[in-house]
Amino acid sequence: QVQLVESGGGLVQPGGSLRLSCAASGDTIRTYAMGWFRQAPGKEREFVAGTSWTGGSTNYADSVKGRFTISRDNAKNTVHLQMNSLKPEDTAVYYCAANFLGTVVSAKDYEYKYWGQGTQVTVSS
């Protein structure tokens, strides 16, 4: 069993930055692919970014490419999402998720087994 806890969300102005963290416990995530998803009010959950178990392969949604960066520290059992140039449309609850298939950076939420509770990100002036 893996427990995931997100942190780092908050209120930020358009153009600002936030760094989300996902801390894992209960088991190591070093063999898992990790992903970030988000869900805005009234919308379906969508893929944001993912990384393979080594961090050598990453994938991003088109809407965040060039602005967001996913990284992981397997020694610390953590995953991060650096979000720059934030826009109001980035407002959502952001979730961290773990996928058994460590080499597959999937954008499909049903392929991820473990999920955190989410952290709210609000981009507004």
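Preceding this section is the structure that the text describes.
This report concerns the structure included in the present document. (Residues numbered from 1 in each chain as written. Predicted model: local features only at pLDDT ≥ 70, side-chain atom pairs only at ≥ 80, totals over all residues. Heavy atoms only, no water.)

Below, the discussion takes up the pairing of strand 11 (residues 119-123). Only one face of strand 11 is covered, namely the one carrying Thr-119, Val-121 and Val-123; the face carrying Gln-120 and Thr-122 has none of its residues buried. In terms of strand pairing, strand 2 (residues 10-12) meets strand 11 through three bridges, oriented parallel. Its bridge partner being in strand 11, Gly-10 is matched across the sheet by Val-121. Note: strand 9 (residues 92-99) against strand 11, three bridges, orientation antiparallel. If you follow Val-93 over to strand 11, its bridge partner there is Gln-120. (Buried < 20%, exposed > 50% of the residue type's maximum accessible area, 1.4 Å probe, protein only. Helix = DSSP H or I, 4+ residues; strand = E, 2+ residues; numbered from the N terminus. Pairing = 2+ DSSP bridges.)

To continue, consider the state of the cysteines. Evaluated as defined, the whole model comprises one disulfide. Here Cys-22 connects covalently by a disulfide to Cys-96, the sulfurs 2.1 Å from one another. Handedness here is read from the sign of the S-S torsion; for Cys-22 and Cys-96, about -75°, the answer is left-handed. In this pair, Cys-22 sits in strand 3 (residues 18-25) while Cys-96 sits in strand 9, placing the two residues 74 residues apart along the sequence. What makes Cys-22 buried here is its relative accessible area of 0%. Since its relative accessible area comes to 0%, Cys-96 is described here as buried. (Disulfide = S-S within 2.5 Å.)

Turning next to the nonpolar core. Counting 30 residues, the largest nonpolar core has Leu-4, Met-34, Trp-36, Leu-81, Met-83 and Tyr-94 as the members making the most contacts within it. Taken together, the elements giving at least two residues each to this core come down to strand 3, strand 4 (33-39), strand 5 (46-51), strand 7 (68-73), strand 8 (78-83), strand 9 and strand 11. The residues touching Tyr-94, leaving out its near neighbours within four places in the chain, are Glu-6, Leu-20, Trp-36, Phe-37, Arg-38, Val-48, Phe-68, Leu-81, Met-83, Gly-118, Thr-119 and Val-121. (Core = buried A, V, L, I, M, F, W, Y, C linked by side-chain atoms within 4.5 Å. Contact = heavy atoms within 4.5 Å.)

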